[in-house]
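Coordinate analysis (summary)
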Amino acid sequence: MKKRFSIRARGVSVLGSFAFAIATGGAAAQSADEMAKVDTNGDGEIAWEELQDMRVSVFERLDRNGDGVISSDDQPGFGPAKRKYGDAFERVKASSDANGDGQVTEAEMLEAPSPMFVEGDTNEDGILSAEEISALRGSVSG
């Protein structure tokens, strides 16, 4: 049984980060600390497998009720978490809802394209090197 994470206003910060942007295909530049959330082995690079692990983590955080799909049913009813969840869900839905049913399964999220990763992986080896990450950050921030 997978452990489910509850969404908290403060704990949702990763959902607006560079890491989340890479995981879901969006564009945002953030700090090296947020990049480290994707670079789980600490080698200064982001492998496709690490990106997929990040996607699973994001999925688990957004699937608050544990029903195996991210949908409006997972959205908090009030407060700052509602706004942050809504923004995050819309970004995930836009990039991952392959069948257009308004909800996202873990499989859809894992199979979704990652244009930001592809753009950054200039040598097409399935790994964003430190140099590729730096160039990618420059392209999304400037």
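What counts, and where the lines are drawn
- Residues numbered from 1 in each chain as written.
- Predicted model: local features only at pLDDT ≥ 70, side-chain atom pairs only at ≥ 80, totals over all residues.
- Heavy atoms only, no water.
- Helix = DSSP H or I, 4+ residues; strand = E, 2+ residues; numbered from the N terminus.
- Buried < 20%, exposed > 50% of the residue type's maximum accessible area, 1.4 Å probe, protein only.
- Areas by Shrake-Rupley, 256 points an atom, 1.4 Å probe, with all protein chains shown as cover.
- Expected span 1.5 Å × (residues − 1).
- Phe/Tyr/Trp six-rings, centres within 6.5 Å; stacked < 30°, edge-to-face > 60°.
- Core = buried A, V, L, I, M, F, W, Y, C linked by side-chain atoms within 4.5 Å.
- pLDDT = per-residue confidence, 0-100.
- Contact = heavy atoms within 4.5 Å.
- Lys, Arg positive; Asp, Glu negative; His and termini not counted.
- Salt bridge = Lys/Arg side-chain N within 4 Å of Asp/Glu carboxyl O.
- Polar contact = N/O pair within 3.5 Å; in protein donor to acceptor, adjacent residues only side chain to side chain.

Notes on the overall build of the chain
What the chain contains, in helices and strands, is seven helices and four strands. Ordered by position from the N terminus, the helices and strands of the chain form the series α-α-β-α-β-α-β-α-α-β-α. Expressed as a percentage of its 142 residues, the buried residues of the chain come to 39%. Taken as a whole, the chain presents about 7300 Å² of accessible surface, with 51% of it coming from carbon and sulfur.

Comments concerning helix H3 (residues 48-62)
Along an α-helix, residues three or four positions apart point the same way, because every turn accommodates 3.6 residues. The first and last C-alpha atoms of H3 sit 21 Å apart over 15 residues, in line with the 21 Å expected at 1.5 Å per residue. Every buried residue of H3 is listed here: Glu50, Leu51, Gln52, Met54, Arg55, Ser57, Val58, Phe59, Glu60 and Leu62.

Observations regarding the packing of aromatic side chains
The geometry of an aromatic ring pair comes down to the distance between the two centres and the angle between the two planes. Inspection of every chain in the model, using the stated rule, returns one aromatic pair. Ring centres of Trp48 and Phe117 lie 5.2 Å apart, and the angle between their planes is 70 degrees; on these two criteria the pair is classed as edge-to-face. Taken together, the positions of Trp48 in helix H3 and Phe117 in helix H6 (residues 115-120) put the pair 69 residues apart, joining distant regions of the chain. Assessed through its relative accessible area of 3%, Phe117 is described here as buried.

Quick word on the nonpolar core
Nonpolar side chains tend to gather and get buried jointly when the protein is soluble and globular. Counting residues in hydrophobic clusters, the biggest one holds 19 residues, and the most contacted among them are Ile46, Val58, Leu62, Ile70, Val92, Met109 and Leu128. The set of elements that each furnish at least two residues to this core consists of H3, helix H4 (79-96), H6 and helix H7 (130-141). For this core, the leading source of residues is H3, giving five residues.

Details of the confidence of the model for the chain
A low pLDDT means the predicted coordinates there should not be read in detail. Taken residue by residue, the chain gives an average pLDDT of 76. The fraction at 70 or more is 73%. Looking at the elements of the chain, mean pLDDT is at its lowest for helix H1 (residues 18-24), recorded as 56, and at its highest for strand S3 (residues 104-105), recorded as 94. Counted against residues more than four places away or in other chains, residues 1-17, with its pLDDT under 50, gives 35 contacts. Note that residues 27-32 has pLDDT below 50 and, in this model, 18 contacts with residues that lie over four places away or in other chains.

Regarding the side chain of Arg55
Tracing the backbone shows Arg55 in helix H3. We note that Arg55 is buried and unpaired, the nearest opposite charge coming from Glu111 at a distance of 9.1 Å. There is a polar contact of 2.7 Å between the side chain of Arg55 and the backbone oxygen of Ala112.

Some points on the pattern of salt bridges
The tally for this structure, following the rule as stated, stands at one salt bridge. Put simply, Glu90 and Lys93 hold a salt bridge, and the shortest N to O gap is 3.6 Å. Linking Glu90 with Lys93, this pair stays in helix H4, spanning three residues, or about one helical turn. Glu90 gets classed as partly exposed once you look at its relative accessible area, which sits at 41%.

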